[in-house]
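# Per-entry structural report
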Amino acid sequence: SCMCLILFAVNEHPEYPLVLAANRDEFLQRPTAPAGWWNDNHGTLGGRDLKAGGTWLGITRSGRLAAVTNVREPGVTVEDARSRGELVTAVLHADRSPEALIPDLDGRAYNGFNLMSYQDGVVVHGTNRGDVGAALPAVNRVASGIHGLSNATLDTPWPKVVEGRIRLSEALRKLEPGRIDWQPFLDLLAASDPAPDSRLPQTGVPLELERALSSSFIRTGGYGTRCSTVVLISADGTCHFLERSYPSLDGSRFEDRTFTLPLQAKEAQP
């Protein structure tokens, strides 16, 4: 259970050190709880995958955010692998920093993943499809700038990542101090225009499906964008969180949930 497009800006806006806009694409019959507070002692906010119990994106009151995407690799997927949604929960609830934790995860227990995390101004990206091989996930700090994660690795220039980064940059320019306007971020996540065939990646799925998966917002058969999430973390330590979930198959109806939470920065253990 994972996000399939995560666009994020690190230190690109004077008021918001992190701005994130993400879409979760999933089979429409997979049972899901919308964003809300969990009954745990960590103060976790996020949606919930009701099949495996993990999540695709969450944030804690101490200001730690984590999200995951899968790596598209037809024919390599292991059926009984552990749910990648556990990775987000593991990062959110660990005593150690994400940077220290991720290399200790069992990379072989999961199908290909990208895991991104943010805390106290530091963004890290972890993957079990790095040069070191799948056994030990590689982890790297992510530099300031505008980044995109889809189903390859960080900043792989798939059309939805390239376009998404440009659109996120434009949305940031419209973000005025002291006033949250969600619409430009929701608009870029709702872009459903497929890429031209000449620019499609070749990931091993049929051309028709490659086309359908090339837009930010996806609807194909029983699969598609189930929710869009926008997170703004301000320099004063406030998180503004919006989830727009799409309960209907055609994406015409949606439900918005917004949360504003003061983050109580808690020093992560080294």
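It should be noted that the structure appears before, not after, this text.
## Re the pairing of strand β5 (residues 57-60)
Neither face of β5 is left uncovered, since the one carrying Leu 57 and Ile 59 and the one carrying Gly 58 and Thr 60 both have all their residues buried. Bridge count between strand β4 (residues 44-49) and β5: three bridges; the pairing is antiparallel. Paired with Leu 45 across the two strands is Ile 59, which belongs to β5. As paired strands, β5 and strand β6 (residues 65-70) are joined by three bridges and run antiparallel to one another. Considered in β6, the bridge of Leu 57 is made with Ala 67. Taken together, β5 and the strand that follows it, β6, pair antiparallel across an intervening segment of four residues, in which Gly 63 is found at a positive phi of about 90 degrees.

## Description of the packing of aromatic side chains
Inspection of every chain in the model, using the stated rule, returns five aromatic pairs. Residues Phe 27 and Tyr 223 carry aromatic rings whose centres are separated by 5.0 Å and whose planes lie at 65 degrees to one another, so their mutual orientation is edge-to-face. Residue Phe 27 is found in strand β2 (residues 18-27), and its partner Tyr 223 is found in strand β12 (residues 223-233); the two are separated by 196 residues along the sequence. Relative accessible area serves as the criterion here: at 19%, Tyr 223 is assigned to the buried category.

Cut-offs used in this document
- Counting starts from 1 at the beginning of each chain's written sequence and moves along it residue by residue.
- In keeping with the model being predicted, local features are shown solely for residues with a pLDDT of at least 70 and side-chain atom pairs are shown and tallied solely at 80 or more, while totals for entire chains, interfaces and linings include all residues.
- Calculation of side-chain values draws on the structure's entire complement of heavy atoms; hydrogens and water are dropped beforehand.
- Accessibility here uses a 1.4 Å probe with only protein chains present; expressed as a share of the type maximum, an area under 20% marks a residue as buried, one over 50% as exposed, and anything in between as partly exposed.
- In DSSP terms, a helix is any run of H or I states spanning at least four residues, a strand is any run of E spanning at least two, and both are numbered starting from the N terminus.
- Whether two strands pair comes down to DSSP finding at least two bridges between them.
- Ring pairs are drawn from Phe, Tyr and Trp, using the six-membered ring of Trp, whenever the two centres fall within 6.5 Å, and their geometry is named by plane angle: stacked under 30 degrees, edge-to-face over 60, tilted for the rest.

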